Amino acid sequence: ANKVDYIYGEYHSALQNIDTIDISTFRQELNIPEKVTLITQFGNWAKWRGQDTTLDAAYQLKEKGYEFHLLFCGRETDKLTEQVERLNLTEQVTLSPYRRDPERVLKACDIMVNASTSHESFPGSLVNGHAAGLPAIATTMPGSGEIIIEGETGYLIPINNPDSLAHALEQMLNMSSNKLTLMGTKARER
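Residues numbered from 1 in each chain as written. Predicted model: local features only at pLDDT ≥ 70, side-chain atom pairs only at ≥ 80, totals over all residues. Heavy atoms only, no water.

Draft legend 1. Geometry of the layout of surface pockets. Considering only enclosed or pocket space, the second largest pocket measures out at about 440 Å³ in volume. Around the second largest pocket, the lining is made up of 24 residues, and of these Cys 109, Asp 110, Gly 133, Leu 180 and Thr 181 lie nearest the centre. Those elements giving two or more residues to the lining of the second largest pocket turn out to be helix H4 (102-108), helix H7 (162-173) and helix H8 (177-189). Among the elements that make up the lining of the second largest pocket, the one with the highest residue count is H8 (six residues). (1 Å grid on protein atoms, 1.4 Å probe; cavity = no way out; pocket = protein on both sides within 12 Å on 5 of 7 lines; lining within 4 Å. Points joined across faces, edges and corners; volume = space filled by probe spheres on them. Helix = DSSP H or I, 4+ residues; strand = E, 2+ residues; numbered from the N terminus.)

Draft legend 2. Structural view of unusual backbone geometry. One non-glycine residue, Asn 31, lies in the positive phi region at around 55°. Within the secondary structure, Asn 31 is located in the loop between helix H1 (26-29) and strand S1 (38-42). By relative accessible area, Asn 31 is classed as exposed at 67%. (Buried < 20%, exposed > 50% of the residue type's maximum accessible area, 1.4 Å probe, protein only.)

Draft legend 3. Focus on empty space enclosed by the protein. Tallying each qualifying case throughout the model produces one cavity of 30 Å³ or more. Taken as a whole, the largest cavity encloses approximately 30 Å³ of empty space. Residue lining of the largest cavity: Ile 39, Thr 54, Ala 58, Leu 61, Phe 68, Leu 70 and Leu 169, and that is the complete set. At three residues, helix H2 (residues 51-63) tops the list of elements feeding residues into the lining of the largest cavity. Grouping the constituent residues of the lining of the largest cavity by class yields six nonpolar, one polar and no charged. (Nonpolar A, V, L, I, M, F, W, Y, C, P; charged D, E, K, R; others polar.)

Draft legend 4. View of H7. The end-to-end C-alpha distance of H7 is 16 Å, a good match for the 16 Å that 12 residues give at a rise of 1.5 Å each. Considered for burial, the residues of H7 that qualify are Leu 165, Ala 166, Ala 168, Leu 169, Glu 170, Met 172 and Leu 173. (Expected span 1.5 Å × (residues − 1).)

Draft legend 5. Local environment of the sheet that holds strand S2 (residues 69-73). Spatial strand order, S3-S2-S1-S4-S5-S6: six strands in an open sheet with parallel pairing. Since the sheet does not close on itself, it has two edges, and those belong to strand S3 (93-96) and strand S6 (154-157), each with one partner. Strand-to-strand twist across the sheet, computed as the mean angle between neighbouring axes with direction ignored, equals 20°. By the bridge criterion, three bridges tie strand S4 (residues 111-114) to strand S5 (residues 136-139) in an arrangement that is parallel. Counted as the bridge partner of Val 113 is Ile 137 from S5. Contacts between H7 and the sheet are confined to S1, S4, S5 and S6, with S6 contributing the most and set at about 170° to the helix. (Pairing = 2+ DSSP bridges. Axes fitted to C-alpha atoms, helices over the stretch in contact; angles between N-to-C directions. Contact = heavy atoms within 4.5 Å.)

Written out as structure tokens, the structure is:
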């Protein structure tokens, strides 16, 4: 039993009807600014999920003057509090506990990040993010390349590389809203 992991099917069926999902109060509920690009890394805290890499990339973006907000959703995200404070990212980062409305979270966001370093063969968060119309950036873990089409629905980056993640996020943050939306539309179609 200690050598077998069971991976649950994580596709959220509510995403089939994405246009019916109400997100009108979502940002207010979490005190997230309305007119800023919202990036999410979805999933419970774990060392292998690469949340520390995402925070290091966010620090680089902040230092370059980019406006964005980063939302971590999942169990034990409060373990990131010390790093968020050390990097002086408290105004750019929201740490949300586990939520039972993933479809609202995904619809409210603009970009998805999956910075995992191990333990994933086919990331359900990426499938759900694409189903919600989110372009995504993910590490080159097995399976990520099966979901993301490089340059069309998102970007693949090396594992444990905050510089590459910051660069990919910069590319998306520098896109026109139309181009980012088109990338998300292609992701949803995929």
